[in-house]
Amino acid sequence: MTVYWVVWDAGARWLVDGLDARGRLPNVRRLQAAGARAAARPARPNCQTPPSLATLFTGAPAHEHGVTGFRVPDPRWFGASRSGFDPVVCAVPPVWQRLGVRSAFVHVPWVLDPHGQVGEYVDAAVEAYSGRLTRHAMLRPGQGGVPLVDALPDAAVVAARSGGTVVSGPSGTVPVTDSWVEVDLGGGLGCHVRRVSRPDGEVLLRTGVWRTRWAGGDRALVQRLRALPAFAGEGAGSVYRAGDFGVRLPEGGDGAAEELLLSSMEPAARTFAAAADVVLDRHRADLVVVYLPMTDDIGHELAGWVDAAGPAYRPELARPGWNLLSRVYRAADAILGRVLDRAGPDDTVLLTADHGIMAMTHDVYPNAVLAVAGLAAPDGRGGVEPDRSAVVFHPAGDGSLWVNPQARAQHPARPWLRHAVEVLAAAPGPGGQPLLLGLADGRGEPVFDLAGRDHVYCRFAAGLLAQPGMPGNGVVYAPTRKSGGHLAGDGDPRLDAVYAAMGPGLPSGADLGRIDNVDVAAAVEAALSATRVRAGT
């Protein structure tokens, strides 16, 4: 008797419903028909991935677990930050750690510690996200050869030969074709490469490189995970947005760039499917958690096109957008199907997401506004210099606005935070709309009185994604090439996550309406407790 917990990054309720209505997610439909469904509100005041996953896994709100973004302000130095995935940042243990149940994990954070160790309750865990060495890249090989990975110049070389492009590495020479092939880089590292034909010649597309970690008490299962192909954890969205795949559909392209984007996600999909299959086939755990990020990758690039209620909606791109989204979601749905096939009548299956996604049209730079008012100082490198600033939109990028303690100590009577908020509220955005719509505290509750506060969280207008940089040249906002995003957990229903669950004691075909992701861990705990009771343990 096992609880299976599948997590789709950015699996928005509205997006899953749209794909389901088009008949693209047969296993989601199968799960929802047999169990309950809901829309789940994500973490607040910030619903980036780390705080949202922390809320999902711990059952605690952000002001308790302390994870406020991809980067979290470091209280030791003003303006400094550290990773939201740093184990020491999350102050509340995940549900599996609290319960100590036998568990198996596929690329789930907060399982392996910085030394690669796990709790005694962990049968097997594989994780690579914390070990990324480099992202995707496109290379134009010459006759003399160039390093396949700049960060590993001696690992492998890519060169143009009379018979085509080849990669030479520790395991020999690998010919590069139009299909993805794996390349051994030595030292337990690897990547995947394929050929891309462009009007200006042939280039090589390489996936990112990650250092994978494995651990757990079930040695046979861990050994099987070690034998899997090289991890490829994300698609080449940055390459696509840079235009290196050719003209995108929004700019009048013919769809070839999007086909390359989806191709770049194939190794990632295979990576996660292979790891999930090994665990599903061999585990003896009470809890199995599988995390899948492909849905977030594709959502950032395309979701805005199909969001009919959003500012980035492109009706002429809605049909191709839904079709492209469905191809990536179908890969995630297929893994869910394997889970459902593995689950027995006494097992519980949950499909959840950390957050949803909403349409974006522009990046906005609050520090640029503050700099014009003399409150923030540029660092000359496209960012802000906290030490020389009175107020900054924090470089951590977690949506928070902070007063420099030195400025407050030197001029304690000045209303620094109120001044900064007034400046941001008065600044016009795209089309003359206001940039700033509201403020929140660490609990996500609205803030109207700034007295006694040293920081607040900002809520910007729909379609605006706040960035901590400072581009210069007076730029306050600029069009973004990401059509979807998520930052302020302000209650917008498009940020609601998918939730579906089936198992003993759960209602069949029920719609629970809107729930809160803070309650999902309790549902997992209840299912595990019921499993123990049925097993007599």
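For clarity, every value in this text was computed on a predicted model and none was experimentally measured.

Where do I start with the sheet that holds strand β26 (residues 464-466) in this structure?
Strand pairing within a sheet occurs via backbone hydrogen bonds; the two strands may be parallel or antiparallel. As summarised here, the arrangement of the 3 strands in space is β26-β21-β27, forming an open sheet in which the pairing is mixed. Pairing within the sheet leaves two strands with one partner each, and these edge strands are β26 and β27 (477-479). Each neighbouring strand pair of the sheet contributes to a mean axis angle of 30 degrees, computed without reference to strand direction. Two strands pair when backbone bridges link them, and strand β21 (residues 362-364) and β27 are joined in this way by 3 bridges, in the antiparallel orientation. Counted as the bridge partner of Asp 363 is Ala 478 from β27.

Explain the packing of helix α1 (residues 13-21) against helix α11 (residues 315-342) to me, please; I cannot follow it from the model alone.
Angle between the axes and distance between the axes are the two parameters that describe a pair of packed helices. Look at α1 against α11: their axes get within 11 Å of each other, and the N-to-C directions meet at 100 degrees. Classed by the angle they form, the pair α1 and α11 counts as roughly perpendicular. Across the interface between the two elements, Trp 14, Leu 15, Val 16, Gly 18 and Leu 19 of α1 pack against Trp 322, Leu 325, Ser 326 and Tyr 329 of α11. Looking at the contact of α1 with α11, its residues break down into 7 nonpolar, 2 polar and no charged.

Help me out: how do you make sense of the nonpolar core in this one?
Nonpolar side chains tend toward joint burial in soluble globular proteins. Trp 5, Trp 8, Phe 57 and Trp 96 are the most contacted members of the largest nonpolar core, which has 109 residues in total. At 12 residues, the largest contribution of residues to this core is made by α11. Aside from chain neighbours lying at most four places away, what touches Trp 8 is Val 16, Val 28, Leu 292, Thr 295, Tyr 329, Ala 332, Asp 333, Leu 336, Leu 351, Thr 352, Ala 353 and Asp 354. Judged by nonpolar contacts, the second largest core, of 43 residues, contains Leu 375, Leu 417, Ala 420 and Ala 466.

Teacher, can you tell me more about α1 here?
Given 3.6 residues to a turn, an α-helix orients residues that are three or four positions apart in the same direction. The element α1 is largely enclosed, with a buried count of 7 among its 9 residues. Those residues of α1 that sit buried are Arg 13, Trp 14, Leu 15, Val 16, Gly 18, Leu 19 and Asp 20. Of the surrounding elements, those touching the buried residues of α1 are β1 (3-8), α2 (26-34), β2 (36-41), α10 (294-306), α11 and β29 (497-502). Backbone geometry just after α1 places Gly 23 at a positive phi near 75 degrees.

Looking at this structure, I do not really get the packing of aromatic side chains. What am I missing?
Aromatic ring pairs are defined here through the distance separating the ring centres and the angle between the ring planes. Counting across every chain of the model gives 13 aromatic pairs. Residues Trp 5 and Trp 96 carry aromatic rings whose centres are separated by 6.5 Å and whose planes lie at 65 degrees to one another, so their mutual orientation is edge-to-face. Note that Trp 5 is positioned in strand β1 and Trp 96 in helix α5 (residues 95-99), a separation of 91 residues in sequence. Here the two residues Trp 5 and Trp 96 agree in accessibility, since each one is buried. Positioned above the aromatic ring of Trp 322 is the side chain of Arg 22, whose terminal nitrogen or guanidinium carbon lies 4.0 Å from the ring centre.

Help me understand unusual backbone geometry, please; the structure alone is not making it clear to me.
For residues that are not glycine, phi is negative in most cases, and the peptide bond is trans in most cases. Looking along the chain, the bond that leaves Arg 44 and enters Pro 45 is cis, with omega of 15 degrees. Here Pro 45 is to be found in the loop between β2 and α3 (49-58). We note that His 107 has phi near 55 degrees; this positive angle belongs to a residue other than glycine. Residue placement: His 107 occurs in the loop between β5 (103-106) and β6 (122-127). Its relative accessible area of 3% is what places His 107 among the buried residues. The phi dihedral of Trp 110 is positive, around 65 degrees, even though this residue is not glycine. Relative to the helices and strands, Trp 110 is located in the loop between β5 and β6.

I keep staring at the pairing of β2 and nothing clicks. Help me out?
Working note: regular strand, side chains alternate between the two faces of the sheet. The sheet contact formed by β2 and β29 spans 5 bridges and is antiparallel. Residue pairing for β29: Ala 36 is matched across the bridge by Ala 501. Inspection of the sheet shows β2 paired to strand β30 (residues 510-516) by 5 bridges, in the parallel sense. The residue bridging Arg 41 from the neighbouring strand is Asp 516, located in β30.

What am I meant to see in α10 here?
Compared with the 18 Å implied by 1.5 Å per residue over 13 residues, the 18 Å span of α10 between its first and last C-alpha is a close match. Burial of α10 is extensive: 13 of the 13 residues sit out of reach of the surface.

Which parts of the structure should I look at to understand the state of the cysteines?
Any covalent bond linking the sulfur atoms of two cysteines counts as a disulfide. What the rule picks out here adds up to 0 disulfides. Left unpaired, Cys 458 is separated from the closest cysteine sulfur, that of Cys 47, by 15 Å.

Explanation requested: the sheet that holds strand β18 (residues 287-292) in the structure shown.
Strands sit in the order β17-β6-β5-β18-β1-β19-β29-β2-β30 across an open sheet of 9 strands; the sheet is mixed. Of all strands in the sheet, those with a lone pairing partner are β17 (213-215) and β30, marking the two edges. Geometrically, the sheet is characterised by an average inter-axis angle of 10 degrees between neighbouring strands, direction not taken into account. Looking at chain direction, strand β19 (residues 348-353) and β29 are connected through 4 bridges and run antiparallel. Within β29, the position partnered with Val 349 by the bridge is Met 502. On top of the sheet, α2 reaches β1, β2, β19 and β29; it is set at about 55 degrees to β29, its chief contact. Each of β1, β18 and β19 is contacted by α3, which is oriented at about 160 degrees to β1, the strand it contacts most.

Calculation notes
- Residue numbers restart at each chain and count upward from 1, following the sequence in its written direction.
- The model is predicted, so local features are restricted to residues of pLDDT at least 70 and side-chain atom pairs to those at 80 or more, both for listing and for counting; the totals for chains, interfaces and linings are taken over all residues.
- Only heavy atoms go into the side-chain values, all of them from the structure, while hydrogens and water stay out.
- Strand pairing is assigned whenever DSSP identifies at least 2 bridges connecting the two strands.
- By the criteria applied, helices consist of DSSP H or I runs no shorter than four residues and strands consist of E runs no shorter than two, each listed in order from the N terminus.
- Here, axes are lines fitted to C-alpha atoms. For helices the fit covers the stretch in contact, and angles between N-to-C directions go from 0 to 180 degrees.
- Should an angle fall under 35 degrees it is called roughly parallel, over 145 degrees roughly antiparallel, and 65 to 115 degrees roughly perpendicular, with every other angle called oblique.
- Any two residues whose heavy atoms approach within 4.5 Å at even a single point are treated as in contact.
- Lys, Arg, Asp and Glu make up the charged group, whereas Ala, Val, Leu, Ile, Met, Phe, Trp, Tyr, Cys and Pro make up the nonpolar group; the residues left over, Gly among them, are polar.
- Buried residues of nine kinds, namely Ala, Val, Leu, Ile, Met, Phe, Trp, Tyr and Cys, make up a nonpolar core once their side-chain atoms join them within 4.5 Å.
- The buried label goes to any residue with under 20% of its type's maximum accessible area, the exposed label to any with over 50%, and the partly exposed label to all in between, with areas taken from a 1.4 Å probe on protein chains only.
- Each aromatic pair joins two rings of Phe, Tyr and Trp (for Trp, the six-membered one) with centres within 6.5 Å, and gets the label stacked for planes under 30 degrees apart, edge-to-face for over 60, and tilted for any other angle.
- By the criterion adopted, a ring carries a charge over it if an Arg CZ or a Lys NZ lies within 6 Å of its centre and within 35 degrees of its normal.
- By definition here, a helix of n residues has an expected span of 1.5 Å times n minus one.
- The criterion for a disulfide is a pair of cysteine sulfur atoms lying within 2.5 Å.

These figures capture arrangement, not role.
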